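Results of the structural survey
Each chain, letter by letter, is given below.
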Amino acid sequence: MFVFGQLNESDTLKIKGQLSLTGFWQGGNVQTVIFRAKAEGSVIPFKNSVFKTTNSYVYQEFGKVKADEDILSLNFLYFNTNKKVYPLLLGFVSTNFRREIDVRYLFGAGLTFQVFNDKTNWLKVSLSSEYEQTNFNKTNFTRPEYNGNSTINTWRGTIWLNGKYHLFKKKLILNHESYFQPSFQDYKNYRWQADISAELPIWKYLNFKISYLHTSESLVIENQKQEDQFLSFGFTLKSF
């Protein structure tokens, strides 16, 4: 599962942070727990650079049986973010309980293009290339040619699109984060994701949040579905 940070790396504040908590709980005859947490932060470590990190956690339980418990850490280092086009380095680490992914690593580099960027609204497109290593807990896949391999390595290319918009005199905040990520070595090995959210400001540092996440991965363990969807509700706490 990938979730991209909505802190704007082009901002001039030296330190920024925010925490989003969304979920759902139902008790009684049907026991259901859905919880999603997302912490984001950015800091200016040295001149003309920004380090941004996004760390998320997802847990789902149905009838007291765990369905998901996933961790994701996204880390970016940007350079010359005041420019229209600027370079970046990235490093990701993730796990996925449902997809039997013990751990996945990605390391790469790319460029970000700012389509537009003002104080309250922005849209950015990025292109990057990454080396990926995924360690699975099982070795039977939906594509038989990968059977017997607990570790799969590949080079990928990624196109990212993300934006943030303040509407109706800042009474509504829309966020969208998406990517498409094919393998250079196997065109049938790809994944994509769309993450859309709406926030209603309650206080300067607190927003009510509705979030919809749709993920798709072409190469999965045998008998698993390729797509997952999450709809959750909660709050965003921020420091700015």
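Residues numbered from 1 in each chain as written. Predicted model: local features only at pLDDT ≥ 70, side-chain atom pairs only at ≥ 80, totals over all residues. Heavy atoms only, no water.

1. A word on the pattern of salt bridges
Evaluated as defined, the whole model comprises 16 salt bridges. Linking Glu177 and Lys38 is a salt bridge whose minimum nitrogen-to-oxygen distance equals 3.4 Å. In this pair, Glu177 is assigned in strand 9 (residues 172-182) and Lys38 in strand 2 (residues 32-43), connecting sequence segments 139 residues apart. In this structure, Glu177 and Lys38 share a single accessibility class: buried. Of the charged contacts, one joins Arg143 and Asp186 as a salt bridge, the two residues approaching to 2.7 Å between their closest N and O atoms. Residue Arg143 is located in the loop between strand 7 (122-136) and strand 8 (151-167), and its partner Asp186 is located in the loop between strand 9 and strand 10 (190-203); the two are separated by 43 residues in the primary sequence. Each member of the pair, Arg143 as well as Asp186, carries the same accessibility label: buried. Salt bridges linked by common partners bring Asp68, Arg98, Arg99, Arg104, Glu132, Arg156, Arg191, Glu217 and Asp228 together as one network. (Salt bridge = Lys/Arg side-chain N within 4 Å of Asp/Glu carboxyl O. Helix = DSSP H or I, 4+ residues; strand = E, 2+ residues; numbered from the N terminus. Buried < 20%, exposed > 50% of the residue type's maximum accessible area, 1.4 Å probe, protein only.)

2. What about the sheet that holds strand 2?
Within a beta sheet, neighbouring strands are joined by backbone hydrogen bonds and run either parallel or antiparallel to one another. Read around the barrel, twelve strands follow the order 1-2-3-4-5-6-7-8-9-10-11-12 and close on themselves; strand pairing throughout is antiparallel. Between one strand and the next, the sheet's axes are offset by a mean angle of 20°, whatever the strand orientation. Where strand 2 meets strand 3 (residues 49-62), twelve bridges bridge the pair, whose relative direction is antiparallel. When the bridges of strand 3 are listed, Val33 appears paired with Glu61. (Pairing = 2+ DSSP bridges. Axes fitted to C-alpha atoms, helices over the stretch in contact; angles between N-to-C directions.)

3. Remarks on the environment of Phe180
Its location among the elements puts Phe180 in strand 9. Sequence separation between Phe180 and Tyr190 is ten residues; the distance between their C-alpha atoms is 7.6 Å. Residues in contact with Phe180, not counting those within four places in the same chain, are Gly157, Thr158, Ile159, Tyr190, Arg191 and Trp192. (Contact = heavy atoms within 4.5 Å.)

4. Looking at the nonpolar core
In this structure, Leu72, Leu74, Phe76, Tyr78, Tyr86, Leu88, Leu90, Phe92, Leu106, Trp160 and Tyr179 together form the largest nonpolar core, which totals eleven residues. Of all the elements in the fold, those that place two or more residues in this core are strand 4 (65-79) and strand 5 (85-96). Ile101, Phe141, Ile152 and Leu219 belong to the second-largest nonpolar core, a separate cluster that totals seven residues. (Core = buried A, V, L, I, M, F, W, Y, C linked by side-chain atoms within 4.5 Å.)

5. Quick word on the pairing of strand 12 (residues 227-238)
For strand 1 (residues 15-26) and strand 12, the ladder comprises six bridges, and the chain directions are antiparallel. Bridged to Gln18 within strand 12 is Lys238. Sheet analysis places strand 11 (residues 206-217) next to strand 12, joined by eleven bridges and oriented antiparallel. What sits directly across from His214, in strand 12, is Gln229.

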